[in-house]
Every structure is written in C-alpha cells, then in structure tokens.
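# Observations on the three-dimensional arrangement
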Amino acid sequence: QVQLVESGGGLVQPGGSLRLSCAASGFTFSNYAMGWFRQAPGKQREFVASITPGGTTNYAHSVKGRFTISRDNAKNTVYLQMNSLKSDDTAIYYCNAQRSIVYWGQGTQVTVSS
C-alpha cells in the first residue's frame, strides 16, 4: 500500500521558516522523482520543487533562492526547507512521487500571517 505522509506545516510569520517532510512507503522510493506542489484557496495546484533519483533539483521561479528540496533515501523521506516565507506562500502543500505513475500525499497546511 503506497503512502505519502506530509508533516511540518503550520502558522508562521512573514520572514519565518518551516521545514516540511514527506515520509514515503509502499514503493521503491529511491527510484522515484519526488516533488512538492501547493494549492492556495481558489487557485489551481502549482509546482513548487522537484528532485530526481540522482539528486537534480528544479524550482518554481517564485520560490527559487528561498526554498530547498532534499531527499534521504535511507529514510524514504523528502524535505522542503522554506525560508523567507511570504503571505503568498500560504497554501496546502502536497508531496508527490513520480515515475510511470504518480502518487500524491494528503497535504499539509502552511499559513504565513502576522
């Protein structure tokens, strides 16, 4: 049974930091590209960051320089370190795993507000 479980979301002030985690199980994690997406209220889900099995990363322009994606294949976990957070970063953040098929987690809420 495939599971992707996100954690680490919460309420943070503008300029603050959060680290999201996504724990994977039920598939060979090291063979999959992993990604983070987000969906703000009333908006479509959008790409945030991704990391290939070999460690190559890619970022949306809006988060480049502020967010860092990483993976620990020994722990079957992917992370998203988010710094210098802005109110526009408020959204539900979803983890996904992609190879020939795509798996999604249930999401974790991130709210950036003073």
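Keep in mind that what you see is a predicted model, and the values were worked out from it rather than measured. Going along each chain's sequence as written, the residues are numbered from 1 onward. Reporting in this predicted model follows two pLDDT cut-offs: at least 70 for local features of residues, and 80 or more for side-chain atom pairs to be given and counted; totals over whole chains, interfaces and linings ignore these cut-offs and use all residues. To get the side-chain values, all heavy atoms of the structure are used, and hydrogens and water are removed first.

Spatially, 4 strands are ordered β1-β3-β8-β7 in an open sheet, and the strand pairing comes out antiparallel. What marks the edges here is a single partner per strand, and that holds for β1 (3–7) and β7 (67–72). Between one strand and the next, the sheet's axes are offset by a mean angle of 15°, whatever the strand orientation. Strands are treated as partners if at least two bridges between them are detected by DSSP. Under the DSSP-based scheme used, a helix requires at least four consecutive residues in state H or I and a strand at least two consecutive residues in state E, with every element numbered from the N terminus. Pairing of strand β3 (residues 18–25) with strand β8 (residues 77–82), which is carried by 6 bridges, proceeds in the antiparallel orientation. Within β8, the residue paired with Ala-23 across the bridge is Thr-77. Angles shown run from 0 to 180 degrees and are taken between the N-to-C directions of axes, each axis being a line fitted to C-alpha atoms and, for helices, limited to the stretch in contact.

The next point concerns the state of the cysteines. In this description, a disulfide is simply a cysteine sulfur pair whose atoms lie within 2.5 Å. For the structure shown, the criterion picks out 1 disulfide. Cys-22 shares a disulfide with Cys-95; S-S distance 2.1 Å. Between Cys-22 and Cys-95, the disulfide has an S-S torsion of -70° and is therefore left-handed. With Cys-22 in strand β3 and Cys-95 in strand β9 (residues 91–98), this pair connects stretches of sequence that are 73 residues apart.

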